[in-house]
Amino acid sequence: MKVVVYAFYGGALGCLLLALRELFLGLEENRCSMTYMFEYPEYRRVQLPRYVARQYPAYGLYLYGEGVYAQETRGLKLTGAPVLFLPGNAGSYKQGRSLGSVALRKAENMEGGIHLNVFTIDFNEELVALYGGGLLRQTHFLHESIKVILRLYKDRPDPPQSVVLVGHSMGGVVARALFTLPGFSPGLVSLILTQASPHQAPVLSLDPYILEFYSSVSRRWSTEAEDLRNVTVLSVGGGYRDYQVRSGLTALSCSADDPNKMAVVVTAVPRTWVSTDHLSIVWCKELVLATVRAFFDLIEPETRQFTEDAEKRRSVLSHHFIQHTGRLQAHQLNRPISFSGLPESWSEVNTLRLIYSAPKEAKEKYFLFVLSSRRKAYSHFHCRSSDMEMSSWLFGCTKMDKSMCVQAVDLSWRTELLPAYKVVTVKLGELSAMSHLVIDASNPSARQFTVECEWQREERLTVPLSVPHVLAFGLTTSDITINSSGLLHTIQLKHFHQVYQAFKIIVTSHCMATKDRLPNIYRIKVPWFREDSFVTAGIPSVTEMSGMLHTSRHDNTSSALLQLHTSPNCQYKVSVRSSFSKVLGQVLRSCGPVLLVYTAAVLLLALRRQLGCIIQTGHTVALREAAASGLQPHKVELPILILHLSLRQGWFQEGWTALGLPDVDMLPLTTTEDISQDAAGSWQYWPHLVSLLLCVLGAAVAFWGSAVLSASVHMLSFLLGPLHRPSVSRHSGTLRPSAQILLILSLIVVGGATCGALAIAVSFLIHLYRVLRLKMTERSLSYMMNLAPQRMEQNSDNGYSGSGRQKKFKECNGGSLLSKSELLDVRDDLQLHLSLSTLLTLPMMLSAPSLVYWSRNLRYSVRLDPDPWWPYTVPLLVASVLLTNCSTNTLSHSKLMLGLTSRLLLPLSVAMTTFSPLHLYRVTHFVSVALTLLVTCCHI
């Protein structure tokens, strides 16, 4: 039986390690270019008002500079456009140097003295993603910093009225939180650009303050306030390399019809097309260049400050971050354009496809495509070009003169820049006022390029392909073969719209002739979110892509697309196979923190098994055996499933609300809308299947974690052994009642005067000392029990009688005759306290960020304010101290209370799994209740 248990939990651990490997290592290589400083960076501290400096002694405001610019701005006489960089969780103010250095180099080539003044805030590298008590303080300091920055320009003829904010990670959330402050004027900030900022929800909800902070920000930005509609916000996610903040969290929780709120994943940003980890998104040269280009395009030449035109901000950001058309200000391209070329430079194309390579010499060339003969047979016109310097290259002719077009409308604003070339597609139904399409293939600089165009039919543009089921485990494959007769093919990956799905997509290309062909570009396009990814492949080639999503489409109205920008007269085979390892990685990426909840639930059920054994036999079982039996998904998941189904009934929901019960926490895979709505298909049940998987993985963490704790206690007991005399008493390491009272009062004073997390850590160490003493006692007893028969045999050889041997052995061991029952009692106590120490580890882990935050700010304040763990953890502190004297013997004498406690641990586990996935700090409260119940058993 033990072999089966070890095999099961070994397999579960293997799945967890496979998911971790996929999450941390199964990524594309870092293709970001490093941003280097041209000169030594300098950070000039900006003087703050005295009341601000006294109120926020740990924070600071700096101006970035290099070389001559740093010397020129020594007196803070500034003439540029202000940009303020906000670091994130544990981030340094020096991370703004990449943005500042590139902006300085860009300004050297600008006319009229246009440049940026890049400021950066020092938030003391606080862990605000793990401790929410500092977020509001950072928000208030940001408000004061903005006022100080604008005051520096008060003597300028055209002073700036607002500051552009660039926020990394939690810095982006703090930037949006500005608008929740009562005294904040929305006009002070007109543009916010965030990098890898979790706008949807915190990554870890370790205290209630961070959830309250997010709730206030969400309420403010979800309203239809006019002052917020004029604020432009662009959120950039890092892609799959960022395992700290998944890109699904970077979507903005704003009104969907507000065009000034945009979100994009960096893999879809034109001229970037790379995935970044959580830190490299700050210094990734490709993204920094796009950011700086956008900032300089947003500056008005007359005032040398950022534009106040919200439409221009949206247009510029869309051009640089969403759809690069090759030319800025696309809305001005609707003006009529006149051509004056010679007749011999015009050619009419009567074939279905055009392939043209520009010569090495400068030449004026135009191609005409007649629309009248193609409208009925074709629906689209598609072109692509590589290395063309012309930003305007596709036109719709509105007036012809013989074989020449003399007046046209520029259609190039539909152009989209791809990694190897630019493409444009127009619908013929939208060109009713035009007689011809014109391609301007001139090369005035003698630059060689290629242009390919074709007519397309709508019914052949998209081919459906059903993806394999997520539970196929890679055993089935969906294939499709395309005999390419065109430049663009789109495969609709039917039923691919959930984040838990993951596939390996292999595209095999084969061509008869490979000379002078543009490379293939394979694009996974997601209609509901800008998270596209690109792969460039040669011809012929076998290319493997990862088919995964950052966000889900719960209503099943659309699916992800695979666009193939191909070469004509080639064959392409697309194979889609589900990947079990990638599915595990996706589940862990979305629901990784929830593992802690399931681990805690399994440990509570393990304690329940130990208490049940004490009731029945007076003895307990080993922690590892109890943890193995703690996996009881039928007892935990079934009540939760029934509760979720009941909440879909209106009367039950009303009664739940009337009782004042908290909302049920859902897995990050889903939203509360999926509970209130009758979602189509099997999506309703997938979160519960994922919960079952998380329950198994959490049990594996509990099982092997208990083994690691037992091994650690074994090794630490050897280190602690020389400091203590050998003991054979089961009461080793216990405390006198007076010492317990004094210790409890001391912990309460320490927690109230300094930090509640510090008191939790001390109480854990006190209980761990009791476990170590029990382990040393067990080892001493085992050694003496093994030595006793040898001593008895030696005494028998020397002529001692049986009673004499017992008397002699009793004298050798302090006047007490050892027995196997005493060793068994010590082992029972050891296993019980190992289980309690494992449970106490959870509150210590959850409160550790607060302890680190407090220790870093100890020089500014002795007390953590606000403290999320005080005074709520007083019952936990009292219980942890009183439990040091608890034993299986005392518990066995309280069978009535012990039976009640044993029965209550299962409802506690169910309640924890129901209400803690999005409120991780609640795990500590449930553990406190369980340990308090156990204390009552020891004293009643």
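The structure displayed is predicted, hence computed values, not measured ones.

This part is about the overall build of the protein. Along the backbone of the protein there are 26 helices and 30 strands. Judged by the C-alpha coordinates and their principal axes, the protein covers about 130 × 70 × 60 Å. Split into buried and exposed, the 940 residues of the protein put 57% on the buried side. Summarising the internal contacts of the protein: among those between residues at least 6 apart in sequence, 80% fall at separations of at least 24. Taken as a whole, the protein presents about 39900 Å² of accessible surface, with 56% of it coming from carbon and sulfur. Here the protein carries 87 positive and 70 negative side-chain charges, and the mean point of each set is 6 Å from the other.

Moving on: the pattern of salt bridges. A complete count under the given rule lists 21 salt bridges for this structure. Close ionic contact of E416 with R523 constitutes a salt bridge, the shortest N to O distance being 2.8 Å. In this pair, E416 sits in strand β18 (residues 416-417) while R523 sits in strand β26 (residues 520-525), placing the two residues 107 residues apart along the sequence. A salt bridge links R827 to E778; the shortest N-O distance between them is 3.1 Å. Placement of the pair is R827 in helix α22 (residues 820-856) and E778 in helix α20 (residues 756-797), with a sequence separation of 49 residues. E778 sits in the buried class, given a relative accessible area of 12%. Salt bridges here are not isolated pairs; linked through shared partners, they connect E39, E66, R105 and E108.

A few words now on the pairing of strand β5 (residues 164-168). Burial within β5 is extensive, with five of its five residues counted as buried. What you see with β5 is no split at all: V164, V166 and H168 on one side and L165 and G167 on the other are buried throughout. Pairing of strand β3 (residues 81-86) with β5 involves four bridges; the strand directions are parallel. Bridging from a neighbouring strand, L84 pairs with L165 of β5. Here β5 runs beside strand β6 (residues 191-195); their pairing, made up of four bridges, is parallel. By the bridge assignment, G167 is partnered in β6 with T194. As a crossover connection, the stretch from β5 through helix α6 (residues 170-177) into β6 is right-handed.

If you trace the five strands from one edge of the open sheet to the other, you get β13-β21-β15-β19-β18, paired in antiparallel fashion. Because the sheet does not close on itself, it has two edges, and the strands there are β13 (353-357) and β18. Looking at chain direction, strand β15 (residues 380-386) and strand β19 (residues 422-427) are connected through six bridges and run antiparallel. Within β19, the position partnered with C383 by the bridge is V424.

Once that is clear, we can look at the nonpolar core. Within the largest apolar cluster, 145 residues are counted, with the highest numbers of intra-cluster contacts made by L84, I146, L165 and L891. In contact with L891, other than residues within four places in its own chain, are L611, I614, L832, C886, L898, L934, C937 and C938. Core analysis: the next-biggest nonpolar cluster, separate from the first, contains 41 residues, A103, L193, L234 and F295 among them.

All right, on to the pairing of strand β2 (residues 60-66) then. Most of β2 is tucked away, with seven of its seven residues classed as buried. Residue alternation in β2 divides its side chains into two sets, G60, Y62, Y64 and E66 and L61, L63 and G65, and both sets are buried. By the bridge criterion, four bridges tie β2 to strand β4 (residues 116-122) in an arrangement that is antiparallel. By the bridge assignment, G60 is partnered in β4 with D122.

Now for the state of the cysteines. Across all of its chains, the model carries five disulfides by this definition. Sulfur-sulfur distance for the disulfide between C32 and C284 comes to 2.2 Å. The disulfide joining C32 to C284 has a torsion of about -90 degrees about its S-S bond and is therefore left-handed. A residue pair is termed long-range when its members are at least 10 positions apart, and C32 in the loop between α1 (2-24) and β1 (41-45) and C284 in the loop between α9 (280-283) and α10 (285-297) qualify at 252 residues. For the residue pair C32 and C284, the accessibility class agrees, reading buried in each case. Across the disulfide, C511 is cross-linked to C570 (sulfur-sulfur distance 1.8 Å). Measuring the twist about the S-S bond at about 115 degrees, one finds the C511-C570 disulfide to be right-handed.

Moving on: the environment of I299. Within the secondary structure, I299 is located in strand β9 (residues 299-300). By relative accessible area, I299 is classed as buried at 4%. Counting along the chain gives 138 residues from I299 to L437, while the straight-line C-alpha distance between them is 35 Å.

Between α10 and helix α11 (residues 310-321), whose axes approach to 9 Å, the crossing angle comes to 155 degrees. For the element pair α10 / α11, the angle class is roughly antiparallel. The two elements α10 and α11 meet at a crossing, and its hand is right-handed. Here L287, A290, T291, R293, A294 and D297 of α10 lie close against α11, whose contacting residues are K312, V316, L317, H320 and F321. A breakdown of the residues in the contact of α10 with α11 according to their chemical character gives six nonpolar, two polar and three charged.

Next up on the list: the sheet that holds strand β11 (residues 336-338). One open sheet accounts for six strands, arranged β11-β17-β16-β20-β14-β12; its pairing is mixed. Two strands close off the open sheet at either side, each with one partner strand: β11 and β12 (346-349). Sheet twist, expressed as the average angle between the axes of neighbouring strands with direction ignored, equals 35 degrees. Pairing of β11 with strand β17 (residues 404-410) involves three bridges; the strand directions are antiparallel. Residue I337 lies in a different strand from β17, and its bridge partner there is A408.

Next up on the list: a nonpolar patch on the surface. Taken together, the side chains of L471, F473, L475, F580 and L689 define a hydrophobic patch exposed on the protein surface, amounting to about 520 Å² of accessible area. Secondary-structure assignment places F580 in helix α12 (residues 580-591).

Criteria and cut-off values
- Residues numbered from 1 in each chain as written.
- Predicted model: local features only at pLDDT ≥ 70, side-chain atom pairs only at ≥ 80, totals over all residues.
- Heavy atoms only, no water.
- Helix = DSSP H or I, 4+ residues; strand = E, 2+ residues; numbered from the N terminus.
- Buried < 20%, exposed > 50% of the residue type's maximum accessible area, 1.4 Å probe, protein only.
- Contact = heavy atoms within 4.5 Å.
- Areas by Shrake-Rupley, 256 points an atom, 1.4 Å probe, with all protein chains shown as cover.
- Lys, Arg positive; Asp, Glu negative; His and termini not counted.
- Charge placed at Lys NZ, Arg CZ, Asp CG, Glu CD.
- Salt bridge = Lys/Arg side-chain N within 4 Å of Asp/Glu carboxyl O.
- Pairing = 2+ DSSP bridges.
- Right-handed = clockwise from strand over helix to strand, strands pointing away.
- Core = buried A, V, L, I, M, F, W, Y, C linked by side-chain atoms within 4.5 Å.
- Disulfide = S-S within 2.5 Å.
- Axes fitted to C-alpha atoms, helices over the stretch in contact; angles between N-to-C directions.
- Parallel < 35°, antiparallel > 145°, perpendicular 65-115°, else oblique.
- Left-handed = near helix turned anticlockwise from the far one by under 90°.
- Nonpolar A, V, L, I, M, F, W, Y, C, P; charged D, E, K, R; others polar.
- Patch = residues over 30% accessible without salt bridge, like charges linked within 9 Å, V, L, I, M, F, W, Y side chains within 5 Å.

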